[in-house]
Structure formats: structure tokens, C-alpha cells
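What follows is each chain in one-letter form.
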Amino acid sequence: MNWFYRMSSPPHFYRWAGAAIPWVLWPAVALGIVAAYLGLVRAPQDYQMGDTVRIMYVHVPSAWLSLMSYSSMAVAAAIGWIWRMKLAHAVAAAIAPAGASLTFLALVTGAIWGKPTWGTYWVWDARLTSELVLLFLFMGVILLRNAYEDRPQGDRAAAILTIVGVVNVPIIHFSVKWWNTLHQTASVSVTGKSGIDASLLWPLLLMMLAFTLYLVALVLMRTRNEVLRREQRKRWVIELVSS
Amino acid sequence: MTSVSLSRVLRAQMLKEWRQLGRQFGATLTPLLFFAVVVALFPLSTQPSPERLATIAGPVVWVAALLSAMLALQTLFRSDYDDGSLQLMALSPTPLWLQVWAKQFAHWTTSGLPLVLLGPVAGYSLNLPAEANLTLVLALLLGTLSLSALGAMGAALTVGLGQGGLLFSVLVLPLMVPTLILGARATELAGAGLSASGALNVLAAITLLTATLTPFATAAALRVSLE
């Protein structure tokens, strides 16, 4: 709990995050390079999809992280709402554009992958539609936050929308499943046996780890900026900038 | 001090809403007229052969109902916000969520309920099979209640913003997707002569969930707007 209180102090967070970023960012870059080599060069072609399968190394991590970032944003928003913690709102504000970009990336890579394998860029399938709705939710949260001139007010309004959205995401997913669905079921399973071969699976898992670490580093950097912008009239920021 | 009683709050809000209907008849009627116009646009923009219309009848009625609900709901709290009644509602000893619930229900009786009654008329004009009418009415009854609850939340989030109209739609439409899908699905199944009870049950579940849970979010959003 002590750690939690110390963390909620913006200057303390600013220093801590500044020190932590290299420890997250460089492993992310290194892992990303290794995973890209293994996945793009070493891994064999798929017997049905050929080299097309390799877009999986961007598509799957970004799709997974788009959901992860929405739930992290919701957790940050809930913490900010319940404890009236300004830093948590800054984190939520920092995640939103990153999550929206990842959602967009998942949609675009999915479309590029879909053309050669399914013969179409887009279908109104359950997963695709829920991902699109997720993008709209991200956009709504960003727009609502910016629409308020008063920042704490915008933060709290965006927090409500984020939390309502997180309840709605599974409902949206299951409601769109009412249509017949084209997207393959998940091939990577944590508990059971995975449906893809180890030579393809390992680079994918490494890439997912690399993407996750990269997102963490990105959010830390963006939160630092956000904190500076929000605290720009505070003495510690003025001292930091003038020194 | 007034006691916390749902029936009293509901009665007061109903009275207020129906008095407003008497005073601003045109403003209340506009969303219904909008519904009728949107429904009429579809036969005009495609070949109005009976078979073709029957296949799009369900989706058209539902999209029109959703758009009409958006129009009716985006200013739900605007006048209360402008004249300060919202401040009084927030200060009253009666929980705000209860008042929100009563207000959105009272508003629904003047905006959602007429849509439920207009639904079969629209369905008839689009050649929806007569057997599907009961399902359409049931689905609209459930669906408009859920749309009202979600729309009220969006209205509460944007009431403090000068021109929140467009933002309101962007916020609320994604949340309304499940209601739209299941409502249209039920209507479609009934139109094809199949059993729609599955879709109706899930729609009922969504309605119960939104109608009971969103008033808390709406009340919280109103407090944010009043800050």
C-alpha cells in the first residue's frame, strides 16, 4: 500500500518511469528482432497459406494487445475514479491512443491477411465486427476526454464511458457471434494443446512478449508526457524544465 | 423531507413528462416523424418489389428506431441542466439513480412506446409477414427500453458540453450494437417463419442488464457534468 501511495505522486512516478523505461524498451527491441528473425526467416511456410502466414506475427500480437490495452485502460480508469487518483487518469489517457492504434493495426493486418486466404478484405464476421466496435469505443473515449475543457471533468467522464464499455465488449462479442463466423478459432491456448506447430508457435509467443513490453514502454513514456502537461504549473515541473 | 419511494418519484417524473408533451407537442413528435421518414427512405432508394422489401423490413425498422431514439434522447437532460433542476435533483435526498431511472422511463413512454406501436405499421408498409408482428412488437418493447437506458447515459455524459450532439452519437452507437443485432435478428427470424424465442430471450437479458445497471453510470455522469 505504501508503494501505491508513493506511486500516485506525479514527480515520484516521473523519476521512476524515466529510470524504468530502458529496462522495458531495450528487451522489447531485442526480443522483437529475435522473434522477427525466427518468424520471418527461420519458421517454415504454412502448407496452406505459404508465406502469407507470416503476417500472423504482427496480427495476433496487436489483436491480443488491443483487448489487453482496453482492459488495462478500464482498470486505470476505475482506480482513478475510485481513489480520485490523478496519475491513474493520466495512465488511462496515455493508453487510449496506443490501444486505438493497435486495434487499427489488427484490423489492417487482418484485412491484408484476409484477401489472399479468404478472398476478401472484409467480412461482417463476429471477431472483425467486435474489433471494429472496439475501435469506435477507443475513439469515443479519446473524443469525450478532449471535449471537456476542464481536465479532471473530462477524465471522470471518460472513466465512466471506459468502464461501461468494458462491460459491453463481451456482450458485443457474443451478440455478433449470432452470425455464422469465418474467422478461425484461437490456435494458441494457454491451458490446452495449441493448434499450431512449435516452430511457428515459439516466434509468435516471443513476438507477443516483445509487443507487450513495447506497449508498456510506450505507455510509460506517454504517461510521463501526460504528467508533464497536466502538472505544467507545478513547481517541480518548472524546476525540471529550467534546470 | 421526501421519503425514498420509487412510486412517488415515478409519478412526479411521469406527470412532468406528460405535461411537457402537452406543451411541446411538436418537439416530442419530431423523433416519431423522423422514424417514419427514415423508414420511407428505404423503399425509395431501392427497387420496392414486395420480396425485396420483406427481406430488409426488419433491419430497416430497427435502424430507423435506433436513429429516432438517438434524436429523442440526446437532449434528455438538457433543459434540466439549463434551468438548474438537475442541481436540485442531485441535492435531493432521493438517490439520483432512482430519479434517473424514473426520468428515462417517463421519457420512454413518450418516445419509445409510440415507436413500439408504430413498428407494425412500418413493418406492414415494408411487406413484413403478419405473423412477425407480435415478435416485432415484443422486440421493440424490449429494445427501446434498452436504447433509452443507454441513450440516457450518453446524454448525461455530454450534457455539460456546448454542442454534444455528434459526440453523443459516436459514444452511444457502439454500445447499442447488441440491442440492434438481437432485435433485428428476432424480427428477421419471425419474418422467415422461424422461432425467435432465442433472440428475444437474449434481448430481454440485455434489456434487464442495461435498464438496471446504466442508471448508476448515468447518475455518476450527471454528477461529473455538474462539477
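Preceding this paragraph is the structure being described.
Worth saying up front: this structure is predicted, and the values here are computed from it rather than measured.

As for the overall build of chain A
In step 1: When helices and strands are tallied, chain A shows eight helices and zero strands.
In step 2: Listing the helices and strands of chain A from first to last along the sequence gives α-α-α-α-α-α-α-α.
In step 3: Every one of the 243 residues in chain A was classed for burial, and the buried ones make up 45%.
In step 4: Summing over all exposed atoms, chain A offers an accessible surface of approximately 12,900 Å²; the carbon and sulfur share of this is 66%.

With respect to the packing of aromatic side chains
In step 1: Enumeration according to the criterion identifies six aromatic pairs over all chains in this entry.
In step 2: Ring geometry for Tyr70 of chain A and Phe138 of chain A: centres 5.2 Å apart, planes at 75°, overall edge-to-face. In this pair, Tyr70 of chain A is assigned in helix 3 (residues 56–83) and Phe138 of chain A in helix 5 (residues 126–147), connecting sequence segments 68 residues apart. As far as the burial class goes, Tyr70 of chain A and Phe138 of chain A line up, both buried.
In step 3: Ring centres of Trp97 of chain B and Phe216 of chain B lie 4.9 Å apart, and the angle between their planes is 35°; this geometry places the pair in the tilted category. Within this pair, whereas Trp97 of chain B is found in helix 6 (residues 96–125), its partner Phe216 of chain B is found in helix 9 (residues 197–226), the two being separated by 119 residues in sequence.
In step 4: Of the aromatic side chains, those joined through ring pairs into one cluster are Trp101, Phe105 and Trp108 of chain B.
In step 5: One residue, Arg156 of chain A, lies across the ring of Trp81 of chain A, its end atom 4.1 Å from the ring centre.
In step 6: For Arg224 of chain A, the ring lying beneath its charged end belongs to Tyr14 of chain A, and the centroid distance is 4.0 Å.

Looking at unusual backbone geometry
In step 1: A positive phi angle, near 50°, is found at Arg84 of chain A, a position not held by glycine.
In step 2: For Arg84 of chain A, the location among the structural elements is in the loop between helix 3 and helix 4 (86–118).
In step 3: Phi at Asn127 of chain B takes a positive value of approximately 65°, unusual for a residue other than glycine.

Here we look at the pattern of salt bridges
Residue and element names in this part refer to chain A.
In step 1: Per the counting criterion, the structure on display carries 10 salt bridges over all chains.
In step 2: One salt bridge connects Glu231 with Lys86, and the closest N-O pair in it is separated by 3.8 Å. In this pair, Glu231 sits in the loop between helix 7 (198–230) and helix 8 (235–242) while Lys86 sits in helix 4, placing the two residues 145 residues apart along the sequence.
In step 3: One salt bridge connects Glu226 with Arg229, and the closest N-O pair in it is separated by 3.7 Å. Separated by three residues within a single helix, Glu226 and Arg229 lie in helix 7, roughly one turn from each other.
In step 4: Glu226 sits in the buried class, given a relative accessible area of 7%.
In step 5: Under the relative-accessibility criterion, Arg229 is labelled partly exposed at 45%.
In step 6: Residues participating in the shared-partner salt-bridge network are Arg145, Asp155, Glu226, Arg229 and Arg230.

Basis of the calculations
- Residues numbered from 1 in each chain as written.
- Chains lettered and ligands numbered in written order.
- Predicted model: local features only at pLDDT ≥ 70, side-chain atom pairs only at ≥ 80, totals over all residues.
- Heavy atoms only, no water.
- Helix = DSSP H or I, 4+ residues; strand = E, 2+ residues; numbered from the N terminus.
- Buried < 20%, exposed > 50% of the residue type's maximum accessible area, 1.4 Å probe, protein only.
- Areas by Shrake-Rupley, 256 points an atom, 1.4 Å probe, with all protein chains shown as cover.
- Phe/Tyr/Trp six-rings, centres within 6.5 Å; stacked < 30°, edge-to-face > 60°.
- Lys NZ or Arg CZ within 6 Å of the ring centre and 35° of its normal.
- Salt bridge = Lys/Arg side-chain N within 4 Å of Asp/Glu carboxyl O.

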